[in-house]
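Residue strings, one per chain:
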Amino acid sequence: MSRDFTNHPRWWITGPEPDESLRSLIERAVNLYGSEGDDYRPHLSRHATPYGVSLDGLDTLSVHDVLAVARTVGVRPRDLFMHRLTDHPALLEEHERRAFCPRCWQNDMHQGRPPTFRRAWSGIFTLQCAIHAVPLHWAPNLPAGEVPLSILRLTPATKVGKETLTLIHGFARRLGDALYDHAPWPPSWRGSAFSARALLMRSTTNLGCLPEHLPLSSISADPDLRGFVAVPLHRNDPLQESPWEGIRRLGPPAWRRAAFWMVAWYVIPRLAMRFRPPGLPFAPFEAIDDQWSVQPARRDMRRLQKYRRALIDMSRVFPVSRGARSVRGCVVGSDHT
Ligand SMILES: [Zn+2]
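Residues numbered from 1 in each chain as written. Predicted model: local features only at pLDDT ≥ 70, side-chain atom pairs only at ≥ 80, totals over all residues.

1. So, the overall build of the protein
A count of helices and strands for the protein gives twelve helices and two strands. Going residue by residue from the N terminus, the α and β elements of the protein occur as α-α-α-α-β-α-β-α-α-α-α-α-α-α. By the burial criterion, 36% of the 337 residues in the protein qualify as buried. (Helix = DSSP H or I, 4+ residues; strand = E, 2+ residues; numbered from the N terminus. Buried ≥ 20, exposed ≤ 12 C-beta atoms within 10 Å, placed from the backbone.)

2. A look at helix α5 (residues 102–110)
The periodicity of an α-helix, 3.6 residues per turn, causes residues three or four places apart in sequence to face the same way. All of the buried residues in α5 are Pro102, Cys104 and Trp105. Taken end-on, α5 shows its buried residues confined to a sector of 160 degrees, consistent with a single buried face. Each element contacted by the buried residues of α5 is listed here: β1 (99–100) and β2 (137–138). Looking one or two places after α5, you find Gly112, whose phi comes out positive at around 75 degrees. (Arc of directions from axis to C-beta. Contact = placed C-beta atoms within 7 Å.)

3. Section: the confidence of the model for the protein
Predicted confidence across the protein gives a mean pLDDT of 85, with 84% of residues reaching 70 or more. In the model, residues 1–8 has pLDDT below 50 throughout and makes eleven contacts with residues more than four positions away in sequence or in other chains. (pLDDT = per-residue confidence, 0-100.)

4. Describing unusual backbone geometry
One non-glycine residue with positive phi stands out, namely Asp19, at about 65 degrees. By the element assignment, Asp19 lies in the segment before α1 (22–33). Residue classification places Asp19 among the partly exposed positions, given that 15 C-beta atoms sit within 10 Å. You will see that Ala133, though not glycine, has its phi angle at about 55 degrees, which is positive. Tracing the sequence through the fold places Ala133 in the loop between α5 and β2. Looking at Ala133, the number of C-beta atoms within 10 Å reads 13, which means it is partly exposed.

5. A word on the environment of Arg98
By secondary structure assignment, the location of Arg98 is in the loop between α4 (77–81) and β1. Remark: the alpha-carbon pair of Arg98 and Arg118, spanning 20 residues in sequence, is separated by 9.1 Å. The contact partners of Arg98, leaving out residues within four places of it in the chain, are Phe117, Trp138, Ala139 and Gly251.

6. Topic: the packing of helix α6 (residues 159–180) against helix α9 (residues 253–267)
Viewed as axis vectors pointing N to C, α6 and α9 meet at an angle of 85 degrees, and their least axial separation amounts to 9 Å. Considering the angle they form, α6 stands roughly perpendicular to α9. Note on element contacts: α9 touches α6 through Arg257, Phe260, Trp261 and Ala264, opposite Leu167, Ile168, Phe171 and Ala172. Broken down by class, the residue content of the contact of α6 with α9 amounts to seven nonpolar, no polar and one charged. (Axes fitted to C-alpha atoms, helices over the stretch in contact; angles between N-to-C directions. Parallel < 35°, antiparallel > 145°, perpendicular 65-115°, else oblique. Nonpolar A, V, L, I, M, F, W, Y, C, P; charged D, E, K, R; others polar.)

7. Observations regarding the packing of helix α7 (residues 193–204) against α9
Helices that pack against each other are described as a pair by the angle of their axes relative to one another and the distance between those axes. Interhelical geometry of α7 versus α9 gives an angle of 135 degrees and a closest axis separation of 9 Å. The angle between α7 and α9 places the two elements in the oblique class. Where α7 crosses over α9, the two elements pack in a sense that is right-handed. Between α7, through Ala196, Leu199, Leu200, Ser203 and Thr204, and α9, the contact on the second element is made entirely by Ala259, Met262, Val263, Tyr266 and Val267. Residue classes in the contact of α7 with α9 are distributed as eight nonpolar, two polar and no charged. (Left-handed = near helix turned anticlockwise from the far one by under 90°.)

8. Quick word on the nonpolar core
Counting 56 residues, the largest nonpolar core has Ala258, Ala259, Trp261, Val263 and Ala264 as its most contacted members. Among the elements of the structure, β1, α5, α6, α7, α9 and α11 (302–314) are those that each provide at least two residues to this core. (Core = buried A, V, L, I, M, F, W, Y, C linked by C-beta atoms within 7 Å.)

9. Looking at α11
Over its 13 residues, α11 extends 18 Å from the first C-alpha to the last, a length consistent with the 18 Å expected when each residue adds 1.5 Å. Among the residues making up α11, those that are buried are Leu304, Arg308 and Leu311. Taken around the axis of α11, the buried residues stretch over an arc of 70 degrees, which confines them to a single face. Exposed positions of α11 whose direction lies more than 90 degrees from the buried face are Arg302, Arg303, Lys306, Arg309 and Asp313. Looking at the buried positions of α11, the neighbouring elements they touch are α7 and α8 (243–248). (Expected span 1.5 Å × (residues − 1).)

10. Overview of the environment of Thr116
By the element assignment, Thr116 lies in the loop between α5 and β2. With 22 C-beta atoms packed within 10 Å, Thr116 lands in the buried category. Linking Thr116 and Ser21, residues 95 residues apart in sequence, is a C-alpha distance of 8.0 Å.

In structure tokens form, the structure reads like this:
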């Protein structure tokens, strides 16, 4: 261990809790000591890795920084190192990993432990707690211990609400398994995991050339699903990067449920009308597609056009346009089972 750390202050926080992310552990120290952003780094080492002013990159701390944090917290480096989380396309962006299970946090507090963010909640396709089977909620940027758990609902009140969440959660899980674990695509579903992913990207990004609401933002939710399903209400700028990055920024589980619900409606045939997302237009991508007919194509939009054409082509198998109304009308007559 470097002598650089010998005289550095100790952080008086507990070591990593079960499955806690490194970002969560450092956030606990930041909340305790009142530091902001990257202020902690100079206290760890003269040679600490510069990360700018944000907390990004904490889940994947370098070995050097893990050693420094372990010394400061007073735990064995190996006990900290095993909590690193290597970045992956199936994970949310690091600053969006603020989903949590209210039951897990209640248990933490009853047992005298700090509520912490688990690595298991950082996946794009993870919408409910694997231990308690309750929907994940979203913790805004305030200390985990200050989230008002008592006002959070653990389940919808109605049978339809419960069934809808089961449908959404099951669809997200199977899509994720098919994309990243080579699980088979259900033979009765339309398209493939890759075409469904293309439709998910169309639903969650602005592929137009002007600021616009995301297609998924047309969805609303019955009162019974409020808190479990919600949409971003602001206009988004045209896509500037890979469309998958837009999905990785959909941190709130309620937003992701809206996106997966919308895609599930087109992918799973013979869904009953009670499972149709409220507010979903018959041509949900029309507003964005129409922009291109009035706006001359600009040179700097070529990459965006390329993404857009590719995603439209890949998701052609799904009945998402006005011309496909009759197709969809044929397949919504019987119940989902
Ligand atoms: Zn839980």
